[in-house]
Structures are given as C-alpha cells and as structure tokens.
Amino acid sequence: MAKDRVYVFDTTLRDGEQVPGCQLNTVEKIEVAKALEALGVDIIEAGFPISSPGDFNSVVEISKAVTNPIICALTRAVKKDIEVAAEALKYAKRGRIHTGIGTSYYHIYHKLMSTPEGIIERAVEAVKYARNFVDDVEFYAEDAGRTDNKFLATVVQEVIRAGATVINIPDTTGYTLPEEFGKKIKYLKDNVEGIDDVIIATHCHNDLGMATANTISGVINGARQVEVTINGIGERAGNTSLEEVVMILKSRKHLGLYTEINTKRIYRTSRLISTLMRMPVQPNKAIVGRNAFAHSSGIHQDGVLKNRENYEIIDPKTVGVNESGIILTARSGRAALKHRLERIGYKFSKEKLEHIYEQFITLADSKKDITDDDLKILAGKEVKAEELPISLLALQVLSGKGTVPMATVTLNILGEKHTASATGNGPIDAAFAAVRQIVTKKAKLEEFLIQAITRGSDDLGKVHVQVESKGVMYYGFSASTDIITASVEAFIDALSQVQ
Ligand code: KIV
Ligand code: ZN
C-alpha cells in the first residue's frame, strides 16, 4: 500500500442509514452503492446483516451489483453475527467482516457488564472466528475516543495478533478534540507491535462538530482509512463528511496525502443521497451546500469575476458544480448582472444595461433570488421596448372591499404623454378601460391569462393577452411581481400591434 494513500470507507449505507426516517429499500441501496463505486470509494459498508432480513438481503444484492470496492458487513463480537455476515458476503468479489466491541470504561462496565480481560478475550475470539471466513477482518474498538490509551493499545495489540487487518478507532460519541484524537493514533503507532502492517481507520462522530477535524488529525498522525458518509449523515449529529475530508486532502497539498475519489462526482452523489434519504442538505454545508460556492454581495461578486481565487479556495467544477455561483440579489452590482445576462445569451450596451439594472434592483427588492427566468423577462422587455410604439409610464389603482375600483394610466405614445382614468368591476378591468380611453383602436379582448412563474408569493406573475381585430389575433405578454402592472403591459403590448 502506498504510504500517502488514504482509503475511503463509506458507511452511508450502514451508519448513515441508521438515521430515523432515512431508511432505504434494497433497490435504492443498490443505486447508492453504484453511485459510491462511480465516486471511487474503496470500501462500502453495506449493512449489519444480523440486524434484519432487509439488511442481510441488501448486503447480498450490493455484493452482486458492485465490482471494485471492498464490501464490508458489520457484526458485534458474537459468533452468530459473524456467521450471518459471512453468508451475506458470499457474492462479494472482495468481502470484509467488521467486528468489534466497546472498550471504554462506560462500555465495559455499564453496557457489557464485563471486565477489561473479558473484553480482550471476546475481541480476540471474534477476530479469530471471522478470519475463518474472510482474509480481511476489521476490528472496531467502540468508544475508543473515551478509552484509556494504554488499554486501547493492549486491545489493538491482541487483535492484530489474532489476525485483524484493519484497526478502527471510533470516536463513537464525538467527544474528543482534534489534538487528543491525533495523539491517540500516534500513541498506537508508537506503542503497538506490528501496527505498521495494518491500516488504522478513523471513524469520528460529529456530536461536538469535530468529526472532520478529528479525522484529519487522525490521518496526519498515521491513520490511512477514513470512515465517512455522504453529506455527513449518521446517528445523532452525524458522521464525518466524505466530501469535506476528500476536499481537505485535495486542497491542502502540503499534507502529502491523497484519495482516489473522483471529486467531480461529489455534488451529484450528495444530491442523490439527499433525495433518496429525504434528508435536505443545510444550505451552508461545506462543499455540497446550496450556498457553498454562492457569492451574493456586490464586493465579493466583483472580486470573483476578476479572479475566482479572490474568494474561492476550490473551483466548484472540481466537485461537479457547474452553475454560476453569482447569485443575484438586491446587493449585486452591475458586473454581476452583466455576467449573468451574458451567460444566458444577452449582451447590452452600457446605457441599456443601466436601464435593466434599475429594473433589476426594483425586482430584487421585492424578490429574494433573481433566477435566469426573471432575467430573460427583464432582458426580453428591454429588447421589446425598442420596438413598441406605446409604453406604460405610470399606473395607479384604487381597489379594495367597499370601494369602486378605479385606475389612472399614463401612456407614452410615440413620445407623447397621455393620461386617463376609469372605473371597472375590478382593478384590472378599470385599468384596461382607462387604456381604451387613450388607445381607441377597435380590438376585442379574447383571452386573458395570469400565471405564477415559480414558487413564492414574491415571484413574478406572467400575463398573456389575446385581442382580435378585423379577424386577426394579436398576442401580448408581460411579467412583473405586480400582477396589475403586468396585465396592463400585456394589454398594451397586444394593442400596439393592432393595425
Ligand atoms: O460509531 C461507532 O463506534 C460505530 C462502530 C460500530 C464502528 O459505528
Ligand atoms: Zn459510528
């Protein structure tokens, strides 16, 4: 094994799947396993076969479906568990049994009701028994984070003698600090005979938000397998995130360590897990959160557009994020707007851009994010404004319960201002009547359709209008967060075209 290679052991399908509400069926697990294989993980922990027939079956089916990664099955230090795991692994091209027992004071005396000697005996027996079925046996010292280092070294020494090939040092309760955890790994490196012939694994939980830091401290001190989950899912506060550890090792080259993960598949794998497990990723989650590469303040956007590295330590494409990270909000500047418009195919002169920018700021004040659809509408309006002989300059409406709806409109017709007021059976009807007082062309309103473009109440509404004149149909369109304005603009759009 290469000294600098860090093996990635993914436990999304075992520790990750223990999260309430995240259970997957066998078909979904196979889909995940194949995605993990494509991502390039070295070991897939596929389940805990004795725990249920479903878990047993998943280990069998994943073993059949996947070729490259080692397939691992979890057991307690119990003969029956080991036999069932071995049976579940029988189709694996390379199978591993992961057996172990608690080693901390709490686990010895308050969970297993045993003694340190009793624990060593069971650990050794389990490893020896597992070796009858497979050559690859990983031993976990549960709650190693809170286990006395001297006792931990004794247990590890004994299980290596019994034939363990990988030694897992879990921080089961997420209690340790990075320095402590690193020292624990170093202590084992310095005090256990034969430790250099096995792989030391980290398996850190995130109860104090230290899982990634502890894992990195572990590999700096000699661990060469990291046990991780996609999006950091797992019991309680979760496990160590695969994406964080992998990208730390890739970005901080001075550590001199690497994994064989195809980082370009990180984002899509994260989305897959989130969707299948119905577990949303927090927006500010490192590497895979929706905002991980999003820049919304004008200063940052300008900086990123000048040189990405001004504000980004990872190129989003490296993890498979190809969308623009320039998020348009009311704090965005002209550079960001120009950039996003160009990405969707619009190039404007400085003056026109200025005009769109004003409309953009008004829209952004009433709407949280501006999408590409919104931009297309703003840009489309600008293009159309040049062609239209009539445009809306002002609109005022009065409506509500107990009032007669009334509207006043001011139109620009070939450079001249015209104002009119009218009442109607609603604000739109009143505004249309006022428009008709100014634009006297004979045209019958045939269709009037209002649609919300996307989700929220702050979103743009689209209006389509159809008018008929002398047997010919004319179509008008507009969009605005103000539905009455959009209606009047769409009406004017249609009327302008009537001959
Ligand atoms: O957290 C833990 O200790 C575990 C072991 C079963 C490896 O998940
Ligand atoms: Zn765990």
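Computed from a predicted model, the values in this text were never measured in an experiment.

Thresholds, definitions, all that
Residues numbered from 1 in each chain as written. Chains lettered and ligands numbered in written order. Predicted model: local features only at pLDDT ≥ 70, side-chain atom pairs only at ≥ 80, totals over all residues. Heavy atoms only, no water. Donors = N, O, S within 2.8 Å, 3.2 Å for Na, K, Ca; no water. Helix = DSSP H or I, 4+ residues; strand = E, 2+ residues; numbered from the N terminus. Buried < 20%, exposed > 50% of the residue type's maximum accessible area, 1.4 Å probe, protein only. Axes fitted to C-alpha atoms, helices over the stretch in contact; angles between N-to-C directions. Parallel < 35°, antiparallel > 145°, perpendicular 65-115°, else oblique. Contact = heavy atoms within 4.5 Å. Nonpolar A, V, L, I, M, F, W, Y, C, P; charged D, E, K, R; others polar. Pairing = 2+ DSSP bridges. 1 Å grid on protein atoms, 1.4 Å probe; cavity = no way out; pocket = protein on both sides within 12 Å on 5 of 7 lines; lining within 4 Å. Points joined across faces, edges and corners; volume = space filled by probe spheres on them. Near = heavy atom within 4 Å. Polar contact = N/O pair within 3.5 Å; in protein donor to acceptor, adjacent residues only side chain to side chain. Areas by Shrake-Rupley, 256 points an atom, 1.4 Å probe, with all protein chains shown as cover. Domains from an automatic or database assignment. Expected span 1.5 Å × (residues − 1).

Moving on, we come to the coordination of the zinc ion (ligand 2). For the zinc ion (ligand 2), every protein donor is listed as D15 (OD), H203 (NE2) and H205 (NE2), and the spread of their distances is 2.0 to 2.1 Å. Along the chain, the residues donating to the zinc ion (ligand 2) fall in the pattern D-x187-H-x1-H. Remark: H205 occurs in the loop between β7 (199-204) and α8 (211-220) and D15 occurs in the loop between β1 (7-10) and α1 (26-39); sequence separation between them is 190 residues. D15 sits in the buried class, given a relative accessible area of 3%.

Axis separation between helix α11 (residues 298-306) and helix α12 (residues 334-343) bottoms out at 8 Å; the angle between their running directions is 55°. It follows from the interaxial angle that α11 and α12 lie oblique. Contacts from Q301, D302 and L305 in α11 reach A335, A336 and H339 in α12. When its residues are assigned to classes, the contact of α11 with α12 shows three nonpolar, two polar and one charged.

Turning our attention to the sheet that holds strand β9 (residues 390-398). With antiparallel pairing, three strands are arranged side by side in an open sheet as β9-β10-β11. Looking along the sheet, the strands with just one partner apiece sit at the ends: β9 and β11 (416-423). Sheet twist, expressed as the mean angle between neighbouring strand axes with direction ignored, is 15°. In this sheet, β11 lies alongside strand β10 (residues 406-413) in antiparallel orientation, the contact comprising eight bridges. What sits directly across from M406, in β11, is T423. Packed onto the sheet, helix α15 (residues 427-438) meets β9, β10 and β11 and runs at close to 135° relative to β11.

Moving on to empty space enclosed by the protein. A full pass over the atoms with the stated rule returns one cavity of 30 Å³ or more. Reported here for the largest cavity is a volume of approximately 30 Å³. Around the largest cavity, the lining residues are K338, L341, E342, Y346, K347, F348 and L353. Ranked by residue count, the leading element in the lining of the largest cavity is α12, at three residues. Of the residues that constitute the lining of the largest cavity, the class distribution is four nonpolar, no polar and three charged.

Turning our eyes to something else, we now look at the site of ligand 1. In the region of ligand 1, the neighbouring residues are R14, D15, H98, Y140, E142, N168, P170, T172, H203 and H205. At 3.2 Å from an oxygen atom of ligand 1 is found a side-chain nitrogen or oxygen belonging to D15. Side-chain polar atom of H205 to an oxygen atom of ligand 1: 3.0 Å apart, as the coordinates give it. Considering ligand 1 on its own, with 260 Å² of exposed area, one finds that the protein chains cover 93% of that surface. Elements with a minimum of two residues in the shell around ligand 1: β5 (137-142) and β6 (166-171). Each residue belonging to the shell around ligand 1 can be placed in one class, and the counts come to two nonpolar, five polar and three charged.

A few words on the domain arrangement of the chain. You can read the domains of the chain as domain 1 (7-276), domain 2 (295-378) and domain 3 (388-497). When each unit is reduced to the centre of its C-alpha atoms, the spacing between domain 2 and domain 3 is 30 Å.

With 15 residues, helix α16 (residues 483-497) extends 22 Å from end C-alpha to end C-alpha; this agrees with the ideal 21 Å at 1.5 Å per step. Within α16, twelve of the 15 residues are buried, which leaves the element mostly enclosed by the surrounding structure. Among the residues of α16, I484, T485, A486, S487, V488, A490, F491, I492, D493, A494, L495 and S496 are the ones counted as buried.

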